[in-house]
Amino acid sequence: MRRLLTACLLMSLTAPVLMTTPAGATETRGYGYISWIRGNPADAHVITEGGAMLEGGAVDIRPAWAWFLEKAGYGDIVIICATCGRGYDPWVYRTHDVDSAQTLRITKRRAAYDPFVVKSVATADGIFFAGGDQSDYVRIWRDTPVSDAVNALIARGGPVGGISAGLAILGEFMFSAEKNTITSDRALLNCFNRKIILEREQVEVPMLGSTITDSHFTQRARMGRLLTFMARTIRDGWTTDVKAIGVDEATAALVEPSGATTVVGREAVSFLRMGTDDVTRCERGLPLETDLIDVHVMERDGTFDLATWTGDPNPAIQVRAVDGHLEWVSP
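From a predicted model like this one, the values you see are computed outputs, not experimental measurements.

The full count for this structure, using the stated rule, is 1 cavity of 30 Å³ or more. Taken together, Ala82, Thr83, Gly131, Gly132, Asp133, Asp136 and Tyr137 form the lining of the largest cavity. For the lining of the largest cavity, the per-class residue count stands at 2 nonpolar, 3 polar and 2 charged.

What follows is the structure in structure tokens.
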């Protein structure tokens, strides 16, 4: 009898429940997930183009979304989150008509194996990761069928995008925030601060290989921690040449498969590169020290080529970490 009750309980947790919301979206609930979808639930079978939309946070950028939806062939758009509501679906349709827009809130790791959830991601034509806490994405669906489906989309030439925490997971290397966030001041003082936990290869965007992406960049003074994250990837033996993209709020970097990148929005995007010889000290309990690192700052309509690591002819500024603080050198 106990086994029967357990089986019945398990079925009640996993069987999806469908309903129609007052706003006209179809809501599906299962154990550890909620889905809201507008439009045609069938697979659109459209032609897509690869690319990555990197939004820095605070607000979404309509020109960036217009670019993203075009790349997705105006097909089936899936927004993945852990804490959001259903607000993204109407935002998508206000930007451009699409075959369907689905917000998929995944809150339990078991849901990342659910057939409905996996199929939703696997048949998407464009996937966007909402903001929140990137540790949720690591904890809930890293190394699951959802992760496999995301990377399969990228491999077949579909676009991805993310804002804030959703941006943070798009580089090959990522700050996981598993012990909450960390400020630049604290990161610079100890390259091995217990809060500095880095992960790799959750989302596999070819042009973001050996790259760390960070959000709210200027507004939250994140240059110091980004340099520390970069130095750690080298110190830990993950790479000898690490790149980084820091995106300001209300700003987006639009990355083509070729690496050609355009900046849209109100603020700027910063591009950095660090090699083994640039790290002069990254040791446990000691302040970070580096040589001068070029920082290419691109504002609205600015362009940068990730393949050649060159951009507009504006001279780069330089920054280095010295005894726990930053020193800047203007061109």
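We now examine the environment of Thr213. With respect to the helices and strands, Thr213 occurs in strand S11 (residues 211-214). Along the backbone, Thr213 and Ala168 are 45 residues apart, and their C-alpha atoms lie at a distance of 5.3 Å. Setting aside anything within four residues of it in sequence, one finds Thr213 in contact with Leu54, Leu167, Ala168, Leu170, Gly171, Phe173 and Ile245. For Thr213, the side chain forms a polar contact with the main-chain oxygen of Leu167, separated by 2.7 Å.

Further remarks concern the packing of aromatic side chains. For the structure shown, the criterion picks out 13 aromatic pairs. Note on Trp65 and Phe68: the rings are 5.5 Å apart at their centroids and 80° apart in plane angle, and the pair reads as edge-to-face. One end of the pair is Trp65 and the other is Phe68, both in helix H2 (residues 62-71) and 3 residues apart, which spans about a single turn. Phe68 matches Trp65 in its accessibility class, with the two residues each being buried. Positioned above the aromatic ring of Trp91 is the side chain of Arg62, whose terminal nitrogen or guanidinium carbon lies 4.3 Å from the ring centre. Of note, Arg232 hangs over the ring of Phe192, and the distance from its end group to the ring centre comes to 4.2 Å.

We now examine the state of the cysteines. In the structure shown here, the tally under the stated rule is 2 disulfides. The partner cysteine of Cys81 in its disulfide is Cys84, sulfur to sulfur 1.9 Å. Note on the Cys81 and Cys84 pair: the S-S dihedral is about -65°, so by sign convention the disulfide is left-handed. No difference in accessibility class separates Cys81 from Cys84, as the two residues are buried. Take the cysteines of the chain that form disulfides and number them in order along the sequence; they join up as 1-2, 3-4.

Another point: the layout of surface pockets. As a volume, the largest pocket reaches approximately 300 Å³. Taken together, 18 residues line the largest pocket, and the ones lying closest to its centre are Ile37, Pro41, Gln102, Ser120 and Thr123. Residue assignment for the lining of the largest pocket shows that the elements contributing at least two residues are strand S2 (26-30), strand S3 (33-39), strand S5 (76-81), strand S6 (100-106) and helix H4 (115-122). Considering each element in turn, the lining of the largest pocket owes the most residues, 3 residues, to H4. By residue class, the composition of the lining of the largest pocket is 7 nonpolar, 8 polar and 3 charged.

As a further point, take the environment of Val297. Inspection of the secondary structure assignment puts Val297 in strand S18 (residues 293-299). Linking Val297 and Ala268, residues 29 residues apart in sequence, is a C-alpha distance of 6.5 Å. Ignoring any residue separated from it by four or fewer positions in sequence, one finds Val297 in contact with Ala268, Val269, Ser270 and Ile317.

A word on the packing of H4 against helix H6 (residues 145-155). The contact between H4 and H6 brings their axes to 8 Å, and the two run at 15°. On the basis of the axis angle, H4 is roughly parallel to H6. Relative to H6, the crossing made by H4 is right-handed. Taken together, the residues of H6 that come into contact with H4 (itself represented by Val117, Val118, Val121 and Ala122) are Pro145, Val146, Ala149 and Val150. Grouping the amino acids of the contact of H4 with H6 by side-chain chemistry returns 8 nonpolar, no polar and no charged.

Calculation rules
For every chain, the first residue of the written sequence is number 1, and numbering continues from 1 along that sequence. For this predicted model, a pLDDT threshold of at least 70 governs which residues receive local features, and a threshold of 80 or more governs which side-chain atom pairs are given and counted, while totals over whole chains, interfaces and linings are taken from all residues. Side-chain figures throughout are based on the complete set of non-hydrogen atoms in the structure, without hydrogens or water. Note on definitions: the grid is 1 Å and covers protein atoms alone; a cavity is a set of points where a 1.4 Å probe fits but cannot get out; a pocket is an open set with protein on both sides within 12 Å along at least five of seven lines; lining residues have an atom within 4 Å of a point. Grid points are joined across faces, edges and corners, and a volume is the space filled by probe spheres set on the points. Ten residues, namely Ala, Val, Leu, Ile, Met, Phe, Trp, Tyr, Cys and Pro, are considered nonpolar, four, namely Asp, Glu, Lys and Arg, are considered charged, and the remaining ones, Gly among them, are considered polar. A run of H or I in DSSP becomes a helix once it reaches four residues, and a run of E becomes a strand once it reaches two; helices and strands are each numbered from the N terminus. In what follows, residue pairs with any heavy atoms lying within 4.5 Å of each other are defined as contacts. Here a polar contact is taken to be a pair of N or O atoms separated by no more than 3.5 Å, where protein atoms must pair a possible hydrogen donor with a possible acceptor and residues adjacent in sequence count only if both atoms sit in side chains. By convention, a stacked pair of Phe, Tyr or Trp rings (six-membered ring in the case of Trp) has centres within 6.5 Å and planes under 30 degrees apart, an edge-to-face pair has planes over 60 apart, and any other such pair is tilted. Burial here depends on accessible area, computed with a 1.4 Å probe over protein chains only, as a share of the maximum for the residue type. Under 20% is buried, over 50% is exposed, and the range in between is partly exposed. To sit over a ring, a charge needs its Lys NZ or Arg CZ within 6 Å of the ring centre and within 35 degrees of the ring normal. The disulfide criterion used throughout: a pair of cysteine sulfur atoms within 2.5 Å. Convention adopted: a line fitted to C-alpha atoms gives each axis, helices being fitted over their contacting stretch, and angles between N-to-C directions are expressed from 0 to 180 degrees. Throughout this description, any angle smaller than 35 degrees is read as roughly parallel, any larger than 145 degrees as roughly antiparallel, any in the 65 to 115 degree range as roughly perpendicular, and the remainder as oblique. By definition, any crossing whose near helix is turned counterclockwise from its far helix by less than a right angle is left-handed, and any crossing with a clockwise turn is right-handed.

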